[in-house]
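# Structural overview
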Amino acid sequence: MVSKQDTGMGLPSLYNMWYHRVFPGGQNSRRTCKHCKRAGHCQAVRSHIESAGHTCELRDAAAFQSSAEVANLISGHPPFEGALAIHLFRAGSLLLDIQVPFGVIFGGTDINEDVKVEQKRVVMERVLLKARFAVAFTDKLKEEAKLFLLSQSCKIYVQPQGIQTEVSEKFCWTEFLRSSGLGVELMDELRVFLLVCGLRRVKDPLYLVDVFSEWHRENPLNVLVVIGPRIDPVFSVEVEAVVKKTAGVFLAGARSQRELHAAMKRCFAVVNSSVSEGMSAAILEAMDLGVPVLARDIPGNAAVVRHESTGLLYSSPQEFLHQSQRLLSDRELSERLVRNGKFYVEEHHSLGQERETYQRLVDTLLLAYGHSV
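These notes cover the structure that comes with them. (Residues numbered from 1 in each chain as written. Predicted model: local features only at pLDDT ≥ 70, side-chain atom pairs only at ≥ 80, totals over all residues. Heavy atoms only, no water.)

## Concerning the pattern of salt bridges
Condition: Any carboxyl oxygen of Asp or Glu within 4 Å of a side-chain nitrogen of Lys or Arg constitutes a salt bridge here. Helix numbering and strand numbering both begin at the N terminus, where a helix is a DSSP run of H or I of at least 4 residues and a strand a DSSP run of E of at least 2. Each residue's exposure class comes from its accessible area (1.4 Å probe, protein chains only) as a fraction of the maximum for that residue type: buried when under 20%, exposed when over 50%, partly exposed otherwise.
Evaluated as defined, the whole model comprises 16 salt bridges. Among the ionic pairs, Lys-140 bridges to Glu-144, the shortest N-O distance being 3.5 Å. Of this pair, Lys-140 and Glu-144 both sit in helix H5 (residues 139-148), separated by four residues, roughly a single helical turn. The class for Glu-144 is buried, based on a relative accessible area of 18%. Through salt bridges with shared partners, a single network forms among Glu-118, Arg-121 and Glu-125.

Take a look at the structure:
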């Protein structure tokens, strides 16, 4: 189970899990730890665990064929003392055969989408019943889990993602646009809407393509750039084919997280078009960077974006166009969204609070492990 390459995207991953092993005396000798598709949050939680004196290994659940393989890894030498999985079905189902205590972090699509499939829902119930704790990013996600799964609500903790942004000083905006397929003429006057997402169907990156292309024909200065890794290879080919023949829409490859943040900071607005979200790190990072947000009106987004206060919500491509035009013409609205968004992230998405929560939860795993040996 080797993690895939670092995409630098602060986007939700469905396939990654953490394992940690603790050495006597709080030794912090790091073992191999590959990067994952949800690099920002993965690295943050790993940092929280390791700062408490543990060693954390980050692995990719997609590389495992069965839970037996995970059990073999866990029982290695020295043995792991606990595990933490992201996504109740994709990663959590692989932990059912392990003999050490574990916790889970809801990914979003597990609670929003997978619970609709009875076979998956039954598996997730088993995982949640065996888990020592579960973490939901929002109260809404916790309530959904309680509604659809036979869970003990007392073991579900709500902890929003902690947000920290860092911009690459070497990032070149002009080169970024050129490499994404934009011409050099009028580059400084472009209004770039940046759709941050990995290429997979749940992110629905083609949702706005037609309406945006029509808008671009009316005003060529408005362009949409989709930035993110090719997560679903088959769907990625479909997206690339559509973008190639669509005026005003461009596709940028994955960037490091610092480069992504630099691109976000330079764009006119950050866009989210997902069908389902647990909690979009890209939205929160945009707020932290002082960039307006246009987000599809789904429960995960509505939990962090207050319409006309911290961002703008839309429920159709036509409404996206309307809200975008408002943003272009109303400077006061734009400034209010930026100001309130920044304040919201500072108030509700503290990295320090997230660190405290995960360290406390990991301690419960260690206590349980100590009682079992």
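## Side note on helix H13 (residues 331-348)
Since there are 3.6 residues in each turn of an α-helix, residues three or four apart along the chain are aligned in direction. Note the cut-off: Given the number of residues in a helix, its expected span is that number minus one, multiplied by 1.5 Å. We call two residues in contact when some of their heavy atoms are within 4.5 Å. What qualifies as a polar contact is a pair of N or O atoms within 3.5 Å, subject to a donor-acceptor requirement within protein and to the restriction that residues adjacent in sequence count only when both atoms come from side chains.
Taking 1.5 Å of rise per residue, the 18 residues of H13 would be expected to cover 26 Å, and the 26 Å separating its terminal C-alpha atoms lies within 8% of that figure. On its buried face, H13 sits against helix H10 (281-289), strand E12 (312-314) and helix H12 (317-329). Sitting at the amino-terminal end of H13 is Asp-330, which places a side-chain oxygen 3.2 Å from the backbone nitrogen of Glu-332.

## Some points on unusual backbone geometry
Phi is positive for His-87, which is not a glycine, with a value near 85°. Considering the arrangement of structural elements, one finds His-87 in the loop between strand E3 (82-86) and strand E4 (102-105). Phi angles above zero are rare outside glycine, and Glu-308 is one such case at about 70°.

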